[in-house]
Amino acid sequence: MARKTAEEAERTRQQILQGAKELFIRRGYNATSMEDIRMHAGVSKGSIYYHFKSKQQLLLAIFAQRTIEWIDGWRQRVKPGMTPVEKLYALADYWHDDYGDPFLKVVDEFVTSHGGEPGAFEKMLELVQMQYPVIQEIMDEGIASGEFRRDNPSDLAYIYASLMGGLGVAYYENVPPDRRREIYRKAAELFVRGISAK
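For the structure given in this document, a descriptive report is provided here.

About the criteria used
Residues numbered from 1 in each chain as written. Predicted model: local features only at pLDDT ≥ 70, side-chain atom pairs only at ≥ 80, totals over all residues. Heavy atoms only, no water. Helix = DSSP H or I, 4+ residues; strand = E, 2+ residues; numbered from the N terminus. Buried < 20%, exposed > 50% of the residue type's maximum accessible area, 1.4 Å probe, protein only. Contact = heavy atoms within 4.5 Å. Areas by Shrake-Rupley, 256 points an atom, 1.4 Å probe, with all protein chains shown as cover. Lys, Arg positive; Asp, Glu negative; His and termini not counted. Charge placed at Lys NZ, Arg CZ, Asp CG, Glu CD. Core = buried A, V, L, I, M, F, W, Y, C linked by side-chain atoms within 4.5 Å. Salt bridge = Lys/Arg side-chain N within 4 Å of Asp/Glu carboxyl O. Arc of directions from axis to C-beta.

Check the secondary structure of the protein chain and you find eleven helices and zero strands. Principal-axis analysis of the C-alpha atoms gives the protein chain an extent of 60 × 45 × 30 Å. Residues counted as buried form 40% of the 198 residues belonging to the protein chain. Here the analysis covers contacts within the protein chain between residues at least 6 apart in sequence; of these, 70% occur between residues at least 24 apart. Just so you have it, the protein chain exposes about 10900 Å², and 54% of that area is on carbon and sulfur atoms. Treating the 27 positive side-chain charges of the protein chain as one cloud and the 28 negative ones as another, the clouds have centres 3 Å apart.

Here we come to the nonpolar core. Within the largest apolar cluster, 30 residues are counted, with the highest numbers of intra-cluster contacts made by Leu88, Leu91, Trp95, Ile135, Met139, Tyr160 and Met164. Broken down by secondary-structure element, the contributors of at least two residues to this core are helix H4 (55-77), helix H5 (84-98), helix H8 (132-145), helix H9 (153-166) and helix H11 (177-195). The element that contributes the greatest number of residues to this core is H5, accounting for seven residues. Beyond its immediate chain neighbours, meaning those up to four positions away, Tyr160 contacts Leu88, Leu91, Ala92, Trp95, Ile135, Met139, Ala188 and Phe191. Among the nonpolar cores identified, the runner-up in size contains 26 residues, and Ile16, Met34, Leu59 and Leu60 belong to it.

This part covers the pattern of salt bridges. Between side chains of opposite charge, a pair can form as their charged atoms come close. In total, this model carries 14 salt bridges according to the counting rule given. When the shortest N-O distance is used, the salt bridge between Arg181 and Asp97 registers 2.5 Å. With Arg181 in helix H11 and Asp97 in helix H5, this residue pair connects regions lying 84 residues apart in the sequence. Among the charged side chains, a salt-bridge network with shared partners connects Arg77, Asp93, Asp97, Arg181 and Arg185.

Attention shifts here to the environment of Lys21. By the element assignment, Lys21 lies in helix H1 (residues 2-27). As a C-alpha pair, Lys21 and Thr32 span eleven residues in sequence and 10 Å in three-dimensional space. Contacts of Lys21, omitting those with residues within four sequence positions, involve Ile62 and Phe103.

Looking now at helix H7 (residues 120-129). Within the sequence span of H7, burial applies to Ala120, Met124 and Leu127. Down the axis, H7 shows its buried residues gathered within 60° of arc, on one side only.

In structure tokens form, the structure reads like this:
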């Protein structure tokens, strides 16, 4: 019986997360209240506050879930036999495609308007940093295979993530999709040239 209750609780939690995500995307973070989310998700007031004490906590939970999905999605894109260079190009494409997710605009809104709340910015950074080991694996592999010059793989991962993350501005500048993809690919090419062992 306790197992069924835990499953029901998790279903309710996921229902709240999905409802919140839909409203945040449709209305924006600031324009959405906990009551709006409660009504949209079709749960009681007690249920929503049992799972999430605040709207901020809800947003961070959605972003955490999304980050895990991003990592899983990347793992599915990696094909057997891909070289580290091919992986960096594929990762640039993946980053490009990912920026089309409307939830990222909600995250930007939150950071610019609420990033100063205690612990909020730090938590967001922790979630973003979950991507670094994925990139560092590629750097480690490239250095070990002799494709990349010997360097600090952690630094290289940080620089690559910053480069790709920074290119997100192209979405706000309404750069056409084909041109955006070219820019991401060119950034990957310049990065690869810079760390090439040849």
